[in-house]
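Read off the chains here:
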Amino acid sequence: MRTELYIDQEWRQAASGAALEVVNPATEEVLAQVAHAQPDDVDDAVGAARRCFDGDAWRSLSPRKRGEILYRAGDILEQRRKEVADLETRQNGKPLFESKIDVAMTVETLKYYAGWADKYGGDVLPRAGDDFVYTTREPVGVVGAIVPWNFPLNLASWKVAPALAAGCTVVLKPAPETPLTALVLAEILQEAGLPAGALNVIPGDGPTTGAALVRHPEVDKIAFTGSTAVGQEIMRQAAETVKRVTLELGGKSPNVIFDDADLKAAVRGAQTGIFYGKGEVCAAGSRLLVQRSVHDQVVEELVRRAAKLVPGDPFDQNTRLGAIASRRQHEKVLSYIAAGKREADLVTGGNAVQVDGKGYFVEATVFDRAEPGMKVVDEEIFGPVLSVLTFDDVEEGIALANRTMYGLAAGIWTRDIQKAFRVARAIRAGTVWVNTYNQYDSGAPFGGYKSSGFGRDLGREALDGYTEVKTVWLGLR
């Protein structure tokens with residue numbers, strides 16, 4: 001297990017000797033002391049990325065060769081999948097079965113962008129007259145990628161893979177709580193043949209490491225996933241050097257159940273939408289909107305199912321609700337539950353629990369008779385806490401779904417295909433799932449409207465964010 005900074009294909013301690021403590025949230029045991037990058041270390045990492053980007057070794061590497069490196073990295077990760085999934089669970093607290101899914105999707109993402117590396121380019125533009133006009137897609141340059149603690153490895157690949165495929169070089173800052181699998185990714189890409197400086201990994205916090213990366217004049221673009229408040233600050237700081245920025249931010253996603261839905265499937269989808277990943281999912285369906293005529297039936301079944309989700313050892317194959325990722329986040333979730341108890345009706349859960357006397361666990365929690373204006377309804381909690389709201393007709397359901405500053409995702413449950421299309425069009429969100437929830441694919445772009453950010457991860461659309469368009473006009477007269 002590597003615990004150093006990874007800069008210019010070298011493993012090193014922070015120049016100041018600063019270190020981060022990485023804690024297993026299920027056991028409260030210290031997993032590792034990891035080097036904590038300070039501004040001088042950030043400068044070294046950015047310098048390495050800049051030299052690589054400007055150097056012959058990277059520029060002479062054909063798009064097809066870049067793709068081969070990414071594909072090889074996917075194969076290596078697949079071979080190490082058990083070890084990496086175990087490490088992800090130990091640092092994040094999620095059930096092992098979820099970590100296995102995360103690793104599998106990371107393999108898929110690396111291989112998906114491997115395929116794009118030599119297939120993404122410009123166009124020849126139709127022109128009247130004799131001039132020849134075409135566009136090229138050129139890499140934006142050095143990318144600062146900042147990722148959160150909820151899907152540490154997977155979200156790192158959502159930034160790193162398309163950036164490298166597009167021909168950029170990357171400085172990756174993982175979250176201070178969960179840096180270990182990002183360092184494994186560096187190991188794997190080095191083994192796959194990535195040149196020195198093309199990827200640098202610098203664990204650290206936001207105020208010190210992240211801010212230095214965002215402000216650095218040699219960084220051309222910031223790709224960030226995290227909270228809306230931090231995204232706003234990144235925009236302010238990036239404005240000083242006119243950096244390109246893409247932001248995948250918070251959410252308070254509506255999951256809308258109409259009275260003509262398959263209610264058993266809808267309740268299963270509601271459960272998955274909020275309790276998968278302990279609710280530490282930016283697209284979590286944390287607002288359940290239920291048509292009044294089926295409200296009681298839906299809530300009764302939801303409470304029955306939620307009560308069976310007992311927090312447990314993340315390495316137990318039967319566990320479906322792991323530990324909250326950190327003590328700080330655990331306290332935040334509990335503070336929202338306390339507010340919910342004052343505002344709405346608690347119908348199940350609502351307590352902190354421990355497993356074998358340790359860990360940051362919270363019961364699957366459901367509040368009924370919630371209303372807009374309540375903290376648990378309006379604010380992103382990032383925990384296993386669901387608010388149930390009621391509506392009477394389609395128009396009210398749409399209005400309630402859109403009554404939020406966020407616009408990351410939404411779910412719709414109905415057997416009426418016309419209604420499904422109508423509501424999907426009306427809801428302002430970057431992803432709308434119909435009769436399913438929490439589905440992702442490397443080829444399907446993901447990102448938000450409104451305060452959930454702009455730009456897209458995944459799909460061809462992600463490559464747009466790592467390239468500049470150049471128009472070449474060739475006069476032939």
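Our subject is the structure listed above.
Residues numbered from 1 in each chain as written. Predicted model: local features only at pLDDT ≥ 70, side-chain atom pairs only at ≥ 80, totals over all residues. Heavy atoms only, no water.

**Digging into the overall build of the chain**
Rule in force here: For helices the rule is a DSSP run of H or I covering at least 4 residues; for strands it is a run of E covering at least 2, with both sets numbered from the N terminus onward. For the radius of gyration, the atom set is restricted to C-alpha positions; the globular benchmark scales as 2.2 Å times the number of residues to the power 0.38. For every residue, the accessible area obtained with a 1.4 Å probe (protein chains only) is divided by the maximum for its type, and the residue is called buried under 20%, exposed over 50%, and partly exposed between those limits. Pairs of residues are marked as contacts when any of their non-hydrogen atoms sit within 4.5 Å. In these tables, accessible area is a Shrake-Rupley quantity obtained with a 1.4 Å probe, and a residue counts as shielded only by the protein chains included in the view. Working convention for charge: Lys and Arg count positive, Asp and Glu count negative, and His plus the chain ends are omitted. A charge is said to be at NZ when it belongs to Lys, at CZ for Arg, at CG for Asp and at CD for Glu.
Check the secondary structure of the chain and you find 16 helices and 24 strands. For 477 residues, the compact-globule estimate of 2.2 N^0.38 gives 23 Å, and the chain sits close to it at 23 Å. For the C-alpha atoms alone, the extent of the chain along its principal axes is close to 70 × 60 × 40 Å. With 477 residues in all, the chain has 58% of them scored as buried. For the chain, contacts bridging at least 24 residues in sequence account for 74% of all contacts bridging at least 6. Looking at the chain as shown, the accessible area adds up to about 19100 Å², and 48% of this sits on carbon and sulfur atoms. Of the charged side chains in the chain, 55 are positive and 64 negative, and the gap between their average positions amounts to 2 Å.

**What to know about helix H1 (residues 39-54)**
What counts, and what does not: In a helix, the anticipated span is given by 1.5 Å times the number of residues less one.
Given a rise of 1.5 Å per residue, 16 residues ought to cover 22 Å, and the 22 Å separating the end C-alpha atoms of H1 matches this to within 8%. All of the buried residues in H1 are Asp41, Val42, Ala45, Val46, Ala48, Ala49, Arg50, Cys52 and Phe53.

**Section: the environment of Arg12**
Filter applied, for reference: Polar contacts here mean pairs of N or O atoms no more than 3.5 Å apart (in protein, one a potential hydrogen donor and the other a potential acceptor; neighbouring residues in sequence count only if both atoms are side-chain atoms).
Relative to the helices and strands, Arg12 is located in strand E2 (residues 10-12). A relative accessible area of 26% places Arg12 in the partly exposed class. In this structure, Arg12 is in contact with Glu4, Leu5, Ile7, Ala35 and Asp44, ignoring residues within four places of it in sequence. A distance of 3.2 Å separates polar atoms of two side chains, one belonging to Arg12 and the other to Asp44.

**A word on the sheet that holds strand E12 (residues 254-257)**
In plain terms, the rule: Any two strands between which DSSP finds at least two bridges are classified as paired. As a rule, the C-alpha atoms of each element are fitted with a line to give its axis, helices using only the stretch in contact, and angles between N-to-C directions run from 0 to 180 degrees.
A sheet is described by the order of its strands in space; here 7 strands give the open sequence E14-E17-E18-E13-E12-E20-E21, paired in mixed fashion. Of all strands in the sheet, those with a lone pairing partner are strand E14 (345-348) and strand E21 (431-434), marking the two edges. The mean inter-strand angle of the sheet, taken between neighbouring strand axes irrespective of direction, is 25 degrees. Where E14 lies against strand E17 (residues 365-368), 3 bridges are found, and the strand directions are antiparallel. Within E17, the position partnered with Asp345 by the bridge is Asp368.

**Details of the packing of helix H4 (residues 81-92) against helix H7 (residues 180-192)**
Short version of the rule: An angle below 35 degrees is treated as roughly parallel, one above 145 as roughly antiparallel, one from 65 to 115 as roughly perpendicular, and anything else as oblique. Residue classes follow a fixed rule: Ala, Val, Leu, Ile, Met, Phe, Trp, Tyr, Cys and Pro count as nonpolar, while Asp, Glu, Lys and Arg count as charged, and any other residue, Gly among them, counts as polar.
Contact geometry for H4 and H7: axes closest at 9 Å, N-to-C directions at 155 degrees. Regarding the angle of H4 to H7, the classification is roughly antiparallel. Contact residues: H4 offers Val84, Leu87, Glu88 and Gln91, while H7 offers Leu180, Thr181 and Val184. Per-class residue counts for the contact of H4 with H7 are 4 nonpolar, 2 polar and 1 charged.

**Section: the pattern of salt bridges**
Defined as follows: Salt bridges are defined by distance alone: a side-chain nitrogen of Lys or Arg within 4 Å of a carboxyl oxygen of Asp or Glu.
Evaluation of the coordinates by the stated rule reveals 29 salt bridges. For Lys82, the salt bridge identified is with Asp86, shortest N-O distance 3.2 Å. Within this pair, Lys82 and its partner Asp86 are both found in helix H4, separated by 4 residues, close to a single helical turn. In this structure Asp86 comes out as buried when scored by relative accessible area, which is 18%. The shortest N-O distance in the salt bridge between Glu233 and Arg236 comes to 3.0 Å.

**Brief notes about the pairing of strand E7 (residues 142-146)**
This is how the line gets drawn: With the strands aimed away from the viewer, a crossover counts as right-handed if its path from the first strand over the helix to the second runs clockwise.
Burial within E7 is extensive, with 5 of its 5 residues counted as buried. Residues Val142, Gly144 and Ile146 point to one face of E7 and Val143 and Ala145 to the other, with burial holding for every one of them. Where E7 and strand E8 (residues 169-173) come together, 5 bridges link them in parallel fashion. The residue bridging Ala145 from the neighbouring strand is Leu172, located in E8. Where the polypeptide runs from E7 across helix H6 (residues 152-166) and back to E8, its parallel neighbour, the crossover connection is right-handed. As judged from the 4 bridges shared by E7 and strand E10 (residues 221-225), these two strands associate in the parallel manner. Note that in E10 the partner of Ala145 across the bridge is Ala223.

**Details of the environment of Val230**
One can find Val230 in helix H9 (residues 228-238). For the pair Val230 and Pro207, spaced 23 residues apart in sequence, the C-alpha separation works out to 10.0 Å.

**Some details on the packing of aromatic side chains**
The condition is simple: Pairing of aromatic rings covers Phe, Tyr and Trp, the last counted by its six-membered ring, and requires centre-to-centre distances within 6.5 Å; plane angles under 30 degrees mean stacked, over 60 mean edge-to-face, and any other angle means tilted. Any Lys NZ or Arg CZ that is within 6 Å of a ring centre and within 35 degrees of that ring's normal is treated as a charge sitting over the ring.
The final tally for this structure, using the stated rule, is 12 aromatic pairs. Summarising the aromatic geometry, the rings of Phe258 and Phe391 are spaced 5.5 Å apart at their centres and angled 80 degrees between planes, so their arrangement reads as edge-to-face. You can see Phe258 sitting in the loop between E12 and helix H10 (263-275) and its partner Phe391 sitting in strand E18 (residues 385-391), a full 133 residues away along the chain. A single burial state applies to Phe258 and to Phe391, both of which are buried. Ring centres of Trp433 and Tyr437 lie 4.5 Å apart, and the angle between their planes is 50 degrees; this geometry places the pair in the tilted category. Among the residues examined, Trp433 registers a relative accessible area of 6% and is labelled buried. Since its relative accessible area comes to 3%, Tyr437 is described here as buried. In this structure an aromatic cluster arises from ring pairing among Trp158, Trp433, Tyr437, Tyr440 and Phe446. One residue, Arg59, lies across the ring of Phe53, its end atom 4.9 Å from the ring centre. The aromatic ring of Phe151 is capped on one face by Lys94, whose charged end is 4.0 Å from the ring centroid.

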